[in-house]
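# Structural features, examined
Residue-level listing of the chains:
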Amino acid sequence: MDLTELPRSEYSFHFQEVPWTDAISSRCWVLPAPVLPPTPPAAYMQEALAQSAMTIDELLTDDQLHCEGKLADIEHVVILMQENRSFDHYFGTLRGVRGFGDPRPLRLRNGKPVWEQSKGGRPYRLPKKPAYESGIIGETIDANSCVFLQDPAHGYDTGLLAWNGGLSDQWIEQKDFVALAHYAEEDIPLYFKLAKAFTLCDAYFCSHNGATDPNRSFYYTGTCNGLASNDFFSGWSGDRPAWKSYPEKLEDLGIDWKFYQDGLTWTSDAFAGNYGDNTLEYFGRYQDKTTSIYKKNQTINSILRTDPNRPSQFEQDILDNKLPEVSWIVAPEAFTEHPKYPPHFGEYYVHEILRAFAANKAVWHKTLFLITYDENGGFFDHVLPPAPPLNEGQGQVSPGITLTPPGVSRDLNSEYPDKVSKDPDVEAFYAKDKPNVPIGMGPRVPMLVISPWSAGGRVCSETFDHTSVIRFLDTWLSAKGKQAKDAPFFPNISSWRQAVAGDLTSTLDFNRLGTTELDNLVASTRKAVILTGTDQSKARTVATFHPGIADVNADPDANKPVAVKQDKTRCEILPVGYDFQVFFKYGKHGDGKTRVEWVIRNSGPLGASFYVIPYSRTDRPWRYSVEGVKPGGTPVTVSDYAQIASGDYAYAIHGPNGYLFEFAGYSLDTVQMQLPNITDIKSQDEGKTIQFTFDKWPTANGRLKLVSAYTGYEAVIENGTASVGITTTDGWYDVSFVDAANTNRFLRRYAGHIENGKIGKSDPAIGLQYDETKRIYVAVTA
């Protein structure tokens, strides 16, 4: 958010209408100085942060965690949504995740990996800049997480342009160099500590490729109903959004819920109010002050102490065992992590929540705490976000997914924008494109899952978005018998999102029996922050740092491959239900024209979204989505084709969890026409082996050479061979087939992970580079 989006609301005690002499406007909004709560003494806050390592240690090593459980054992779900940080921006250097060491990144049209953006832009560690710090962090802090940073552009317009239909090549043009800044473990130690102690999702995407309010609308209600900017929420004075929110469903079911917030609405002071992030206050149903939902939504229930000797309301509710079944936390601006305010302030806020849990272990033992971010805030992320095809020219969806096309009466399955701005000129500019651009999803954002059932420092790579939080609540309520087990998911969530995004249950492990190794996951003592009244005044006025190309080039790794930035240590990964393959063939068809065809076949319970990127054509990538297989059902497929004009073809197909399929060759080469298609790929021995089955060989000539990138194994596949099995590395495979007898561009490459329902190990190729000549993973060299 920025001040130009300040809401014109009926809260007369916050806003006054006064004359304005400028000819441009007839009125303005004036913010009176807020009444601030008493400031916690510095010693209290410093002591609280200094004890954070002990807090996490206590949460992890309690004897009562050594037990099995089930979903219904969770009694409290607490949800905190912070502001404007992407996954790569925070966790691109963390071990075990698909970060800067991703061995299979998207390639740009120029052949370079996606992080080699234009004008020399590439991920760089944000430098420490004392001139742009408030000086209030404490003498032991020496990290760039204290820098007050420029706020990148993060509207729907720049989000779409940076994404560029899936080419993802316009980040510098649209967001400037600040977009590629990132942090490391030394900069955000508390968050790394939590990621190494609990579950981190590395495929959680914001719901909308734009700003705060539409994303938070998805988070609270399951949809933004086509309203693609803040204009129609915090910046709107017309008819209020009127569709049903999830708290209203909880109210209908008699489920206890509460909002914890240190203040109400958006004030002129960053240390007061809730920054307008309680988006429900802009909904019509939350305007009636006589209703229970208004009272629950618009009540101050503090997280931070205003008296060092008196617990906040959140702490007291935990101490008294009165924590509601569902709680949403909304922070003041300075603690949301929205630039200019630094991550360190957010870490302090999160620690206060953790410290409250540690004060009553009986409550902690039955609580799930979720931390996510509303949007990427303009910060770069290298993984393509799932996005639906809005017409046949953009791709296909499988039959079980309903996408309401443009031109048909809008409903909840319409995944294109309805309104993008209250400015009529901007709205008119978008009018012709709205039927062709998706609302989302947007780039990845962090999601930390903190609970007794998510301890272990694991990574979950199932695709999620903000609607997954609502779907989790629905699944959890059914498990607890609070609604029928076969009750449909909250109806606001579109068919497409229900198909391709999960419900977060895969982030939990209810069979965990021990935590003896968890003591080693607690990092060094957390540094302290001191926020006196004087400190707050300094923070309000500190200047913001605007990085440039000089800061990119000053990165210690500026002249090395980006992969060197990521820790290559492996970690445990949680099982996910992906089981799909892509098959490719080419040849002449009934119309006499040569074309290539791809078939995406899904045999697993989870749906998925794919990009098909044509490197031999100028088309933008095509998008495909396939739903999961119902119990007892048969595999689900989507297929499509493209004409080949010159004979050359080169395609890459990206799917979730690092899946990559590449196909290249020359269809007019009679030598290549002697090589067979691959018609089936199967897991054997619980994923220890992957078997490739070949179609009938076209002629008696031709041989294939097989190369396994993980092991370096090579073999020649003789003409007539029906199938071949290859050993995987902990279920990970990357197998290429090339012409064994001739030098040409023929390539069939299959890479991904075989699931066996068990906890596994992260991709061993993370932090390595793929040698396109040898077709193997090699160590990174400067």
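Residues numbered from 1 in each chain as written. Predicted model: local features only at pLDDT ≥ 70, side-chain atom pairs only at ≥ 80, totals over all residues. Heavy atoms only, no water.

The name given to the chain in an unreviewed UniProt entry is Bacterial phospholipase C C-terminal domain-containing protein, with the source organism recorded as Phyllobacterium zundukense.

## Concerning the packing of aromatic side chains
Keep this limit in mind: Here the aromatic set is Phe, Tyr and Trp, taking the six-membered ring for Trp, and pairing holds for ring centres within 6.5 Å; pairs whose planes are under 30 degrees apart are stacked, those over 60 apart are edge-to-face, and all others are tilted. Labels follow the DSSP assignment, with helices taken as runs of H or I lasting at least four residues and strands as runs of E lasting at least two, numbered in each case from the N terminus. Partly exposed residues are those whose accessible area sits between 20% and 50% of the maximum for their type, while under 20% is buried and over 50% is exposed, using a 1.4 Å probe and protein chains only. Each ring is checked for a lysine NZ or an arginine CZ that lies within 6 Å of its centre and within 35 degrees of its normal; such an atom marks a charge sitting over the ring.
Summed over the entire model, instances satisfying the criterion amount to 57 aromatic pairs. Residues Phe 100 and Trp 115 carry aromatic rings whose centres are separated by 6.3 Å and whose planes lie at 80° to one another, so their mutual orientation is edge-to-face. Highlighted residues: Phe 100 in the loop between α3 (87–91) and β4 (124–125) and Trp 115 in the loop between α3 and β4, separated in sequence by 15 residues. Both residues of the pair, Phe 100 and Trp 115, count as buried. Judged by centre distance (6.3 Å) and plane angle (40°), the ring pair of Phe 357 and Trp 364 falls under tilted. Both residues of the pair, Phe 357 and Trp 364, belong to the buried class. Across from the ring centre of Tyr 416, 4.7 Å away, lies the NZ or CZ of Arg 410, which sits over that ring. One residue, Arg 471, lies across the ring of Phe 489, its end atom 4.4 Å from the ring centre.

## What about the sheet that holds strand β20 (residues 660–666)?
Which entries qualify depends on this criterion: Any two strands are treated as partners once DSSP identifies two or more bridges connecting them. Throughout, an axis means a line fitted to C-alpha atoms (over the contacting stretch in the case of helices), and angles, computed between N-to-C directions, take values from 0 to 180 degrees.
Taken in spatial order, the 9 strands of this open sheet run β10-β17-β16-β19-β20-β27-β26-β23-β24, and their pairing is mixed. One side of each edge strand has no neighbouring strand; the edge strands of this open sheet are β10 (395–397) and β24 (714–717). Each neighbouring strand pair of the sheet contributes to a mean axis angle of 15°, computed without reference to strand direction. The pairing of strand β19 (residues 648–654) with β20 spans 7 bridges and is classified as antiparallel. Across the sheet, Asp 648 pairs through a bridge with Tyr 666, a residue of β20.

## A closer look at the confidence of the model for the chain
Threshold: As a per-residue measure, pLDDT reflects the predictor's confidence and takes values from 0 up to 100. By the convention used here, residues are in contact when the closest approach between their heavy atoms is within 4.5 Å.
Mean pLDDT over the chain: 86, with 87% of residues reaching 70 or higher. Note on residues 1–50: pLDDT is under 50 here. Beyond four places in sequence and across chains, it has 107 contacts. Throughout residues 513–530 the model reports pLDDT below 50, and contacts reaching past four residues in sequence, or to other chains, amount to 59 contacts.

## Examining the nonpolar core
Note the following rule: To form a nonpolar core, buried Ala, Val, Leu, Ile, Met, Phe, Trp, Tyr and Cys residues must be joined to one another through side-chain atoms within 4.5 Å. What fixes the domain bounds is an automatic or database domain assignment.
By size, the foremost hydrophobic cluster in this structure holds 193 residues, and its most contacted members are Ile 74, Phe 314, Trp 328, Phe 472, Trp 598, Phe 692 and Phe 737. Per-element accounting of this core gives the leading share, 8 residues, to helix α11 (residues 343–358). When residues of this core are sorted by domain, at least three fall in each of domain 1 (61–75 + 88–133 + 141–199 + 208–236 + 338–352 + 368–564) and domain 2 (576–779). Formed by 9 residues, the second largest nonpolar core is a distinct cluster that contains Ala 203, Leu 403, Ala 499 and Val 500.

## Side note on the side chain of His 338
Where we set the bar: Definition of a polar contact: a pair of N or O atoms within 3.5 Å, with one able to donate and the other able to accept a hydrogen when the atoms are protein atoms, and with sequence-neighbouring residues admitted only if both atoms are side-chain atoms.
For His 338, the position within the fold is in the loop between β8 (326–330) and α11. On the accessibility criterion, His 338 (1% relative accessible area) is buried. For His 338, the side chain forms a polar contact with the side chain of Asn 84, separated by 3.2 Å.

## Points about the packing of helix α8 (residues 246–253) against helix α14 (residues 467–479)
To describe two helices that pack against each other, one gives the angle between their axes and the distance between the axes. Test applied: Working rule for angles: under 35 degrees goes down as roughly parallel, over 145 as roughly antiparallel, 65 to 115 as roughly perpendicular, anything else as oblique. Helix crossings get a hand from a simple test, with the near helix turned counterclockwise from the far one by less than a right angle marking a left-handed crossing and a clockwise turn marking a right-handed one. Amino acid classes used here: Ala, Val, Leu, Ile, Met, Phe, Trp, Tyr, Cys and Pro are nonpolar; Asp, Glu, Lys and Arg are charged; the rest, including Gly, are polar.
Running from N to C, α8 and α14 cross one another at 15°; their axes reach a closest spacing of 11 Å. On the basis of the axis angle, α8 is roughly parallel to α14. Considering the relative orientation of α8 and α14, their crossing is left-handed. Here Tyr 246, Lys 249, Leu 250 and Leu 253 of α8 come into contact with α14, specifically with Ile 470, Leu 473, Asp 474 and Leu 477. The class makeup of the residues in the contact of α8 with α14 is 6 nonpolar, no polar and 2 charged.

## As for the sheet that holds strand β22 (residues 689–694)
With antiparallel pairing, the 3 strands of this open sheet are ordered in space as β21-β22-β25. The open sheet has two edge strands with one neighbour each: β21 (678–684) and β25 (723–727). Sheet twist, expressed as the average angle between the axes of neighbouring strands with direction ignored, equals 20°. Note: β21 against β22, 6 bridges, orientation antiparallel. Bridge pairing links Ile 678 to Phe 694 in β22.

## With respect to the environment of Ser 217
One can find Ser 217 in helix α7 (residues 212–221). Residue Ser 217 is classed as buried on the basis of its relative accessible area of 0%. Between the C-alpha atoms of Ser 217 and Phe 233, which are 16 residues apart in sequence, the distance is 8.9 Å. With residues near it in sequence (within four places) discarded, Ser 217 still touches Gly 222, Thr 223, Cys 224, Phe 233, Trp 243 and Phe 283.

## Side note on empty space enclosed by the protein
Short version of the rule: Put plainly, a pocket is an open set of points on a 1 Å grid over the protein atoms alone with protein on both sides within 12 Å along at least five of seven lines, a cavity is a set where a 1.4 Å probe fits but cannot get out, and a lining residue has an atom within 4 Å of a point. Grid points are joined across faces, edges and corners, and a volume is the space filled by probe spheres set on the points.
Scanning all chains against the criterion turns up 4 cavities of 30 Å³ or more. If you trace the largest cavity, you find 25 residues lining it, with Val 383, Leu 384, Gly 655, Pro 656 and Asn 657 closest to the centre. Considering every element that reaches the lining of the largest cavity, the biggest residue donor is strand β16 (residues 608–614), with 3 residues. Two domains share the lining of the largest cavity, each providing at least three of its residues, namely domain 1 (61–75 + 88–133 + 141–199 + 208–236 + 338–352 + 368–564) and domain 2 (576–779). In this structure, the second largest cavity occupies an estimated 110 Å³ of space.

## Quick word on the environment of Val 671
Assignment of secondary structure puts Val 671 in the loop between β20 and β21. The sequence separation of Val 671 and Asn 701 amounts to 30 residues, and the corresponding C-alpha distance is 8.5 Å. Once residues lying within four places of it in the same chain are set aside, the contact partners of Val 671 are Asp 739, Asn 742 and Asn 744.

## A short note on unusual backbone geometry
Residue Lys 340 is reached from Pro 339 by a cis peptide bond, and omega for that bond is 25°. Counting through the fold element by element, Lys 340 comes out in the loop between β8 and α11. With an omega of 10°, the peptide bond between Gly 440 and Met 441 qualifies as cis. Mapped onto the secondary structure, Met 441 falls in the loop between α13 (424–430) and β11 (447–450). Backbone geometry places Glu 337, a non-glycine residue, at a positive phi of 80°. Judged by its relative accessible area of 0%, Glu 337 falls in the buried class. Although it is not a glycine, Asp 685 adopts a positive phi angle of roughly 55°. Along the chain, the position of Asp 685 falls in the loop between β21 and β22.

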